[in-house]
Amino acid sequence: DAGVIQSPRHEVTEMGQEVTLRCKPISGHDYLFWYRQTMMRGLELLIYFNNNVPIDDSGMPEDRFSAKMPNASFSTLKIQPSEPRDSAVYFCASSFAGKETQYFGPGTRLLVL
Amino acid sequence: QQQVKQSPQSLIVQKGGISIINCAYENTAFDYFPWYQQFPGKGPALLIAIRPDVSEKKEGRFTISFNKSAKQFSLHIMDSQPGDSATYFCAASRGAGNNRKLIWGLGTSLGVNP
């Protein structure tokens, strides 16, 4: 299996622009998680889905952030409009219902200028 | 509110030494305690995990010690190697229903000198 796939790996954009991060979970996994990692705040759970349905979005920082999972093999995290404080590494992870282990993708490093 | 407190923030040990990282939690309903390892430029990966029905779990050079009454658990890395240099995260969760939310510690940066 290719593991969790994220794109792009790096994104540089200007403040006010829309940013879309993409994730393909491991085939057969029915949980999908979006995390944000910064030096100051560590690893933060933004939102997670079970069978494509959002279960907990309490970590989404504000209305500028939105996430969708239209099918079992694809999810997006969108930031509109982006701000410099959104600069971070964003990780997607997936897991199988019968196990707690979360498998992380390589991350997207976002820089908002 | 930080429900899982991890210490130290950083740690440097000599090759062959023992690395010890500690975590304390508040929610007594937590029933799953994993440790994740993260190398620079990579996502975290599960290293070892424990449930509160045992006090210790060992996998190779890595051991989790769990103290339910003190609400603490720790990771011990025996015979530490330069290749163990990474950031280590503890976490906890309450596996009820479809809840899969992990509460994470802030991480410990471990450096092992050759």
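The structure presented is a predicted model; accordingly, all values stated were derived computationally and were not measured. As a convention, each chain's residues are numbered from 1 in the sequence order in which they are written. Chain letters and ligand numbers both follow the written order, the letters beginning at A and the numbers at 1. The predicted origin of the model limits local features to residues at a pLDDT of at least 70 and limits the giving and counting of side-chain atom pairs to 80 or more, whereas totals for whole chains, interfaces and linings rest on all residues. With hydrogens and water set aside, each side-chain value is computed from the structure's full complement of heavy atoms.

1. Some thoughts on the nonpolar core
Formed by 25 residues in total, the largest nonpolar core has its most connected members in B:V4, B:F33, B:W35, B:F73, B:L75 and B:Y88. Sorting the residues of this core by element identifies β2 (10-14), β3 (19-25), β4 (33-38), β5 (45-50), β7 (62-67), β8 (72-77), β9 (86-92) and β11 (108-113) of chain B as the ones contributing at least two each. Numbering goes from the N terminus for both helices and strands, where a helix is a DSSP run of H or I of at least four residues and a strand is a run of E of at least two. With four residues, the single largest contributor to this core is β9(B). We define a nonpolar core as any set of buried Ala, Val, Leu, Ile, Met, Phe, Trp, Tyr and Cys residues linked to one another through side-chain atoms lying within 4.5 Å. When a residue's accessible area, from a 1.4 Å probe over protein chains only, is under 20% of the maximum for its type it is buried; when over 50% it is exposed; and in between it is partly exposed. Of all hydrophobic cores here, the second largest spans 21 residues; its members include A:V4, A:V19, A:C23 and A:M69.

2. Things to note about a nonpolar patch on the surface
Patch construction takes residues with relative accessible area above 30% that form no salt bridge. Like charges are linked within 9 Å, and nonpolar side chains (Val, Leu, Ile, Met, Phe, Trp, Tyr) are linked within 5 Å. Note on areas: Shrake-Rupley with a 1.4 Å probe; residue coverage comes only from the protein chains shown. Here, a salt bridge means any Lys or Arg side-chain nitrogen found within 4 Å of an Asp or Glu carboxyl oxygen. Judged by side-chain polarity, A:V12, A:L111 and A:L113 come together as a nonpolar surface patch covering roughly 290 Å² of accessible area. Mapped onto the elements, A:L113 comes out in the segment after β11 (108-112).

3. Description of the packing of aromatic side chains
Centre distance within 6.5 Å is the pairing criterion for rings of Phe, Tyr and Trp, where only the six-membered ring of Trp is used; planes under 30 degrees apart are then read as stacked, over 60 as edge-to-face, and the remainder as tilted. Per the counting criterion, the structure on display carries 19 aromatic pairs over all chains. Ring geometry for A:F33 against A:Y48: centres 5.2 Å apart, planes inclined by 20°, an arrangement best described as stacked. Of this pair, A:F33 sits in strand β4 (residues 31-38) while A:Y48 sits in strand β5 (residues 42-50), and the two are 15 residues apart along the sequence. Residues A:F33 and A:Y48 agree in their burial class; the two are buried. Taken together, a centroid distance of 6.5 Å and an interplanar angle of 40° make the contact between B:F66 and B:F73 tilted. Neither B:F66 nor B:F73 differs from the other in exposure class; each is buried. Taken together, the aromatic side chains of A:Y31, A:F33, A:Y35, A:Y48, A:F91, A:F104, B:Y36, B:F89 and B:W104 make up a single cluster linked through ring pairs.

4. Quick look at the interface of chain A and chain B
The contact rule is simple, with two residues in contact once any of their heavy atoms fall within 4.5 Å. Facing the 23 residues of chain A at the interface are 17 residues of chain B. Defined in terms of a 1.4 Å probe, buried area is the accessible area two parts forfeit on being brought together, summed over both. Contact between chain A and chain B buries roughly 1700 Å² in total, counting both sides, with carbon and sulfur atoms accounting for 51%. When the area that chain A buries against chain B is broken down by residue, the three leading residues are A:L43, A:E100 and A:F104, summing to 31%. A salt bridge links B:R51 to A:E100; the shortest N-O distance between them is 2.6 Å. Identification of polar contacts relies on pairs of N or O atoms within 3.5 Å, with a donor-acceptor requirement for protein atoms, meaning one able to donate a hydrogen and the other able to accept it, and with residues adjacent in sequence counted only if both atoms are side-chain atoms. Our count for the chain A to chain B interface comes out at six residue pairs in polar contact (both at pLDDT 80 or more). Mapped onto the side of chain A that touches chain B, the elements with two or more residues apiece are β4, β5 and β6 (53-56) of chain A. With five residues, the single largest contributor to the side of chain A that touches chain B is β5(A). Basically, the charged four are Asp, Glu, Lys and Arg, the nonpolar ten are Ala, Val, Leu, Ile, Met, Phe, Trp, Tyr, Cys and Pro, and anything else, Gly included, counts as polar. Among the residues forming the side of chain A that touches chain B, the class breakdown is eleven nonpolar, seven polar and five charged.

5. Here's the deal with the pairing of β2(B)
All names here are of chain B. Going residue by residue along β2, you find L11 and V13 tucked away on one face and S10, I12 and Q14 left uncovered on the opposite face. With five bridges joining them, β2 and β11 adopt parallel strand pairing. Paired with Q14 across the two strands is N113, which belongs to β11. Whether two strands pair depends on DSSP finding at least two bridges between them.

6. Regarding the sheet that holds β8(B)
All names here are of chain B. Read across the sheet, five strands follow the order β1-β3-β8-β7-β6 without closing on themselves; strand pairing throughout is antiparallel. The outermost strands of the open sheet, each flanked by one partner alone, are β1 (4-7) and β6 (56-59). Averaged over all pairs of adjacent strands, the angle between strand axes in this sheet comes to 15°, irrespective of strand direction. Pairing between β6 and β7: four bridges, direction antiparallel. In the sheet register, E59 faces β7, and the bridge partner there is F62. Each axis is a line fitted through C-alpha atoms, and for a helix only the stretch in contact is used; angles between axes span 0 to 180 degrees, taken between their N-to-C directions.

7. Let's talk about the environment of B:G105
All names here are of chain B. Its location among the elements puts G105 in the loop between β10 (103-104) and β11. A residue is classified by how much of its surface remains accessible, and G105, at 2% relative accessible area, is buried. For G105 and D53, which are 52 residues apart along the polypeptide, the C-alpha to C-alpha distance reads 22 Å.

8. Here's the deal with the sheet that holds strand β3 (residues 19-24) of chain A
Two pairing modes exist for strands in a sheet, parallel and antiparallel, and in both the strands are linked by backbone hydrogen bonds. Residues and elements named next belong to chain A. Strand order in the open sheet made by the four strands is β1-β3-β8-β7, with antiparallel pairing throughout. Every other strand in the sheet has two partners, leaving β1 (5-7) and β7 (65-71) as the edge strands with one partner each. Between one strand axis and the next, the sheet turns through 15° on average, direction left out of account.

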